Each structure stands twice: as C-alpha cells, then as structure tokens.
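# Remarks on the overall topology
Below are the chains, spelled out letter by letter.
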Amino acid sequence: THQWRGIIEEYRDRLPVSDTTPVVTLREGGTPLVPAQVLSERTGCEVHLKVEGANPTGSFKDRGMTMAISKAKEEGAQAVICASTGNTSASAAAYAVRAGMVSAVLVPQGKIALGKMGQALVHGAKILQVDGNFDDCLTLARALSEQYPVALVNSVNPVRIEGQKTAAFEIVDFLGDAPDIHVLPVGNAGNITAYWRGYREYAADAVSTRTPRMWGFQAAGSAPLVRGEVVKDPATIATAIRIGNPASWDYAIQARDESGGFIDEVTDRQILSAYRLLASQEGVFVEPASAASVAGLLKAAEQGKVDPGQRIVCTVTGNGLKDPDWAVAGAPQPLTVPVDATAAAERLGLA
Ligand code: F0G
C-alpha cells in the first residue's frame, strides 16, 4: 500500500534538498482539489477548491515548514523563531517537535484565533504576545534571528517559498495543465509568490503548456497592496491576513503583473458571506481568511470580470476549526430535548 510521503519526497528533484538533508515531515501536501458545484454554477466556470486546511496542522504553512525546519536542522540549528498571525506558529511548533528543536513564536496580542494559540501551546512553543501587530512581530523576529542563535522560519526564509510552490505542482499534476485563473487570499504575500514560482517552473520545463492569471485578495482594512502604501493599523476579522506591510510585497506585484492578474480587496462582510457559503453549500469548512479567495471570485464575477467556461482554482488556506467562533456567532442555539423520540421528532420537524 502507498501513502503520500510529504512534499519533500514527492517533489525532491524540484526542491533545494540533498541526500544528506534530514527530512522533517508530517506527510504534508497531497491535499484535495475539490470541485465546487455552487461556485461553478454561479460563475459559469469550472471552479475547484484546493483545500489546504487538510494539511497536518490545518493550513498551507506545513508545505513551507517541512522545508524550513529540515534545512534548519541540516544547518545545525537548535531553535527556530517566527512571527505569526497564528498558522505559521502552529506549524513551526509542530515541526520543531518532530525535529527535536525549541520553537519561539511572536504573535500580536489578542489577535490570533484560539485554535492556533492552542496548537502552539500544546506543541510546547515558547510564546510571546507582542504589544503590536504582525508587522511589529516580524520586525522583532528578524532582529532576534540576527542577534541570537535562532533560525527564522517566516516566509522571508526562501526555502519556505520553495516548499509552498508544490501546491501549484499538485494542481497541474492533477488537472493535466495549469488553470486559467488561480485565486488566493493575500496577507504577507508569501503564498502568491510561491504559487507563481511553482506555475512558472512547470511551464518553463513544459510540464504545463501555460501559466494562470493570479488573482489575489486582501481584506479591505488590511490592503496595502491595493492601496499602494503600508497600512499602519490593519483591521479585519480575518486575523490570519491582518497585515499592513507584506514582506513579499515586490514578489506579489511581480506575480500579478507577469501573470496578467490583479490584486483587489474584499470587505469583512463579503469574507463572512463566502465563509458561510463554503460551509453551507460546498461542505467545506475554512477559516475566515481562507474565504477571501472565494469572496474575491464572487466579487469579480459580479463585476463581470469572469468570462464563463474558464477553469479556476481557489486556494482555501486554513481549516475552519482553527477559528470556530465565527461558525457559532449568529447561529441559532441548538434546542434541548428530553430522551423522547416524539419530542425529538417534533423539534426536528419530522412529525
Ligand atoms: N490564509 C491563512 C489561513 C493564513 O494563515 C495566511 C497567512 C494567509 C492566508 C496569507 O498568506 O501571508 O502567504 O499571503 N498567515 C501567516 C501566519 C501570516 O503567520 O500564519 P500569505
């Protein structure tokens, strides 16, 4: 019997590893590409969801983290550090455990989802809540990695991007060619950089015949790439992408321009509406930030920017269980019944 071996073993010849690199893996990648029926109907296109919440720690970060931690171990690091809005810290903490390393994570105080905090805690990370936003956390993490013996595993570490590009490989391998359009949520802009690299690499080597247009969506209160300037005090309910000064800014603009795509914004209301649609009509439970890609596709469709008949992939980046508050908020309280079939049937509207 065969199981998916993780992105390093599956794509070894396309990653900067050697025979002596210790592979630290939780068998990440190999995530489902799920046809989205309702989104396809609404747009007149063939829409697929790349469900990255199916990764071992529940987000796409694991693709980059298996690379970052393996390379850090190869270089003899005993401790790693990252700034995070939550998912990177959960992933770093888990992979550090596998590698026998200490992990330190810097998170913006009060602005990370409970599930992610729980992951970092249970994996034994040293957590500091910083009195500042993600951008401040990243500045601090960079400074610490320069001054102390601790390896930085944020996406400013180039091997993170290398690992994350494998998601584009999987899509082409599965569909037989690149899609027409690829849609992503954008925060620190590492992932849009990584997908574009992956698509370009496959096209350059003639594994695919073309590259997709890259469409990125930021939350309206945290949309520096749309505004063209740093956002000092970013705001959005999608805490994962609450970032005002993306580290991979120039690469994101390059991905947008080289691919003939665009980067736009979606409101928190549009994000939550897409979040509910995905859960209630596609059966896919994602965290709010992940729904920004789908919210963006729907916005573009309403604006008449989506020609029918195209093949579109939306990456949904993280699992809904990370941040369940939004699922519960505003939903009706379940009714309580006695142990009685008649009463239960009545409440269920069966009788
Ligand atoms: N979606 C989710 C669920 C994320 O956690 C992130 C980033 C993004 C989208 C945006 O990806 O930064 O590559 O543009 N989360 C980082 C973190 C910042 O710390 O977990 P990006």
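Note: the structure precedes this text.
A brief look at the structure comes next. (Residues numbered from 1 in each chain as written. Predicted model: local features only at pLDDT ≥ 70, side-chain atom pairs only at ≥ 80, totals over all residues. Heavy atoms only, no water.)

### Section: the overall build of the chain
Assigned secondary structure in the chain consists of 15 helices and ten strands. The C-alpha radius of gyration of the chain comes to 20 Å, within 12% of the 20 Å expected for a compact globule of 351 residues. Here the C-alpha coordinates of the chain stretch approximately 65 × 50 × 50 Å along the principal axes. Residue burial in the chain is summarised as follows: out of 351 residues, 57% are buried. A fraction of 71% describes how many contacts in the chain between residues 6 or more apart in sequence connect residues 24 or more apart. Carbon and sulfur atoms make up 51% of the accessible area of the chain, which totals about 14900 Å². Within the chain, one finds 32 positive and 38 negative side-chain charges whose respective centroids are separated by 2 Å. (Helix = DSSP H or I, 4+ residues; strand = E, 2+ residues; numbered from the N terminus. Rg over C-alpha atoms; globule rule 2.2 N^0.38 Å. Buried < 20%, exposed > 50% of the residue type's maximum accessible area, 1.4 Å probe, protein only. Contact = heavy atoms within 4.5 Å. Areas by Shrake-Rupley, 256 points an atom, 1.4 Å probe, with all protein chains shown as cover. Lys, Arg positive; Asp, Glu negative; His and termini not counted. Charge placed at Lys NZ, Arg CZ, Asp CG, Glu CD.)

### A word on the packing of aromatic side chains
Throughout the structure, instances matching the rule amount to seven aromatic pairs. Ring geometry for Trp-215 and Phe-262: centres 4.7 Å apart, planes at 35 degrees, overall tilted. A residue pair is termed long-range when its members are at least 10 positions apart, and Trp-215 in strand E8 (residues 213-219) and Phe-262 in strand E9 (residues 262-266) qualify at 47 residues. We classify Trp-215 as buried; its relative accessible area is 2%. Between Phe-217 and Phe-262, the aromatic rings sit 5.8 Å apart at their centres with planes inclined by 85 degrees, giving edge-to-face as the arrangement. With Phe-217 in strand E8 and Phe-262 in strand E9, this residue pair connects regions lying 45 residues apart in the sequence. (Phe/Tyr/Trp six-rings, centres within 6.5 Å; stacked < 30°, edge-to-face > 60°.)

### Brief notes about the sheet that holds strand E6 (residues 151-152)
The four strands lie next to each other as E5-E4-E3-E6, forming an open sheet whose pairing is parallel. Every interior strand has two partners, whereas the edge strands, strand E5 (126-130) and E6, have only one. One ladder, built from two bridges, connects strand E3 (residues 79-83) with E6; its direction is parallel. Among the inter-strand pairings, Val-80 is bridged to a residue of E6, identified as Ala-151. (Pairing = 2+ DSSP bridges.)

### Regarding the pairing of E8
Of all seven residues in E8, six are buried; the element is thus mostly enclosed. When strand E7 (residues 181-185) meets E8, the two strands line up parallel, connected through five bridges. What sits directly across from Leu-184, in E8, is Gly-216. Taken together, the five bridges between E8 and E9 define a ladder with parallel strand orientation. In the sheet register, Gln-218 faces E9, and the bridge partner there is Glu-265.

### What to know about the nonpolar core
Judged by nonpolar contacts, the single largest core of 51 residues is most densely connected at Ile-69, Val-153, Ile-192, Tyr-195 and Tyr-199. One finds Leu-49, Val-183, Ile-271 and Ala-300 within the second-largest nonpolar core, a separate group that totals 37 residues. (Core = buried A, V, L, I, M, F, W, Y, C linked by side-chain atoms within 4.5 Å.)

### Some words on the packing of helix H3 (residues 61-74) against helix H4 (residues 87-99)
Helix-helix packing: each pair is described by the crossing angle between the helix axes and the interaxial distance. In contact at an axis separation of 9 Å, H3 and H4 are set at 40 degrees when each is read in the N-to-C sense. One finds that H3 runs oblique with respect to H4. Note on packing geometry: the crossing formed by H3 with H4 is right-handed. Contacts from Lys-61, Asp-62, Met-65, Thr-66, Ile-69 and Lys-73 of H3 reach H4 at Asn-87, Thr-88, Ser-91, Ala-92, Tyr-95, Ala-96 and Ala-99. Looking at the contact of H3 with H4 residue by residue, the class counts come to six nonpolar, four polar and three charged. (Axes fitted to C-alpha atoms, helices over the stretch in contact; angles between N-to-C directions. Parallel < 35°, antiparallel > 145°, perpendicular 65-115°, else oblique. Left-handed = near helix turned anticlockwise from the far one by under 90°. Nonpolar A, V, L, I, M, F, W, Y, C, P; charged D, E, K, R; others polar.)

### Some points on the environment of Val-230
Summarising the element assignment, Val-230 is placed in the loop between helix H10 (224-227) and helix H11 (249-259). By relative accessible area, Val-230 is classed as partly exposed at 39%. For the pair Val-230 and Val-266, spaced 36 residues apart in the sequence, the C-alpha separation amounts to 17 Å.

### Side note on the site of the ligand
Around the ligand there are 19 residues in total, and Ser-84, Asn-188, Ala-189, Asn-191 and Thr-317 lie nearest to it. One of the backbone nitrogen or oxygen atoms of Thr-88 is found 2.8 Å away from an oxygen atom of the ligand. Separating an oxygen atom of the ligand from a backbone N or O atom of Asn-188 is a distance of 2.7 Å. Coverage of the ligand by the protein chains reaches 98% of its 470 Å² of free accessible surface. Among the secondary structure elements, those contributing two or more residues to the shell around the ligand are H4 and helix H9 (190-204). (Near = heavy atom within 4 Å. Polar contact = N/O pair within 3.5 Å; in protein donor to acceptor, adjacent residues only side chain to side chain.)

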